[in-house]
Amino acid sequence: QVQLVESGGGLVQAGGSLRLSCAASGRAFSSYAMGWFRQAPGKEREFVAAVGWRRTNTHYTNSVKGRFTISRDNAKNSLFLQMNSLKPEDTAVYYCAAGRDTGSGYSADGRYDYWGQGTQVTVSS
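Our subject in this report is the structure included herewith. (Residues numbered from 1 in each chain as written. Predicted model: local features only at pLDDT ≥ 70, side-chain atom pairs only at ≥ 80, totals over all residues. Heavy atoms only, no water.)

1. Observations concerning the sheet that holds strand β7 (residues 68–73)
Then, number 1: Strand order in the open sheet formed by four strands is β1-β3-β8-β7, with antiparallel pairing between adjacent strands. Sheet topology places β1 (3–7) and β7 at the edges, where each strand pairs with a single neighbour. Along the sheet, successive strands turn relative to each other by an average axial angle of 15 degrees, direction set aside.
Then, number 2: Bridging between β1 and strand β3 (residues 18–25) involves five bridges; their strand directions are antiparallel. If you follow Leu4 over to β3, its bridge partner there is Ala24. (Pairing = 2+ DSSP bridges. Helix = DSSP H or I, 4+ residues; strand = E, 2+ residues; numbered from the N terminus. Axes fitted to C-alpha atoms, helices over the stretch in contact; angles between N-to-C directions.)

2. Things to note about the side chain of Ser78
Then, number 1: Along the polypeptide, Ser78 turns up in strand β8 (residues 78–83).
Then, number 2: When residues no more than four places from it in sequence are discounted, the contact partners of Ser78 are Cys22, Phe29, Ser71, Arg72 and Asp73. (Contact = heavy atoms within 4.5 Å.)

3. So, the pairing of strand β9 (residues 92–100)
Then, number 1: Burial runs high along β9: seven of the nine residues are buried.
Then, number 2: Judged from the eight bridges that link them, strand β4 (residues 32–39) and β9 form a sheet pairing that is antiparallel. Along β9, the bridge assignment pairs Phe37 with Tyr95.
Then, number 3: Pairing of β9 with strand β11 (residues 119–124) involves three bridges; the strand directions are antiparallel. For Tyr94, the partnering residue across the bridge sits in β11 and is Thr119.
Then, number 4: Sheet topology note: the β9/strand β10 (residues 114–115) ladder contains two bridges and is antiparallel. In the sheet register, Ala98 faces β10, and the bridge partner there is Tyr114. (Buried < 20%, exposed > 50% of the residue type's maximum accessible area, 1.4 Å probe, protein only.)

4. Quick word on the state of the cysteines
Put plainly, two cysteines are in a disulfide when a covalent bond ties their sulfur atoms together.
Then, number 1: All chains considered together, the criterion is met by one disulfide.
Then, number 2: Covalent S-S linkage joins Cys22 and Cys96, the inter-sulfur distance amounting to 2.1 Å. Its S-S torsion of approximately -75 degrees makes the covalent link between Cys22 and Cys96 left-handed. Taken as a pair, Cys22 in strand β3 and Cys96 in strand β9 lie far apart in primary sequence, 74 residues in all.
Then, number 3: By relative accessible area, Cys22 is classed as buried at 1%. (Disulfide = S-S within 2.5 Å.)

5. Focus: the side chain of Asp90
Then, number 1: Looking at the secondary structure, you find Asp90 in the loop between β8 and β9.
Then, number 2: On the basis of relative accessibility, which here comes to 1%, the residue Asp90 falls in the buried class.
Then, number 3: Engagement of the side chain of Asp90 in a polar contact is seen with the side chain of Arg38, the distance being 3.0 Å.
Then, number 4: Sequence-distant contacts of Asp90, defined by excluding residues within four places in its chain, comprise Arg38, Arg67, Phe68, Ser85, Val121 and Val123. (Polar contact = N/O pair within 3.5 Å; in protein donor to acceptor, adjacent residues only side chain to side chain.)

6. A few points about the packing of aromatic side chains
Then, number 1: Tallied over the full model, the rule gives five aromatic pairs.
Then, number 2: Ring plane angle 75 degrees and centroid distance 5.4 Å describe the contact between Phe37 and Tyr112, whose orientation is recorded as edge-to-face. Of this pair, Phe37 sits in strand β4 while Tyr112 sits in the loop between β9 and β10; the two residues are 75 residues apart in sequence, bridging distant segments of the chain.
Then, number 3: Judged by its relative accessible area of 1%, Phe37 is buried.
Then, number 4: Through a chain of ring-to-ring contacts, the aromatic side chains of Phe37, Phe47, Tyr112 and Trp115 assemble into a single cluster.
Then, number 5: The aromatic ring of Trp115 is capped on one face by Arg45, whose charged end is 3.8 Å from the ring centroid.
Then, number 6: The ring of Tyr112 has Arg111 sitting right over it, with the charged end atom 5.2 Å from the ring centre. (Phe/Tyr/Trp six-rings, centres within 6.5 Å; stacked < 30°, edge-to-face > 60°. Lys NZ or Arg CZ within 6 Å of the ring centre and 35° of its normal.)

Laid out in structure tokens, this is it:
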């Protein structure tokens, strides 16, 4: 069992930055693939970024490439999402997710077994 708790959301102006954190409890964190997803009002949840157990194995949705950076600290059971050059369309609830790393399918929410409660990110124009 893995429990995930997100933090770091808030209100920021367009062009600003935020850093989201996800604290994980439970064993075997380092072996899990970790992902960030988001859900805007009236929209379906969408993939943002993921990192495999190997920290260099990262994946991003096209709309955040070059602006967002996902990273993990296995020693601290933590996942991060550095978000720069934020846009109003980045406004959403951001969720942290964990699942067994099978080497593929990182953008599919169905491959993740554990989810956090979400943290709100609001970007004003």
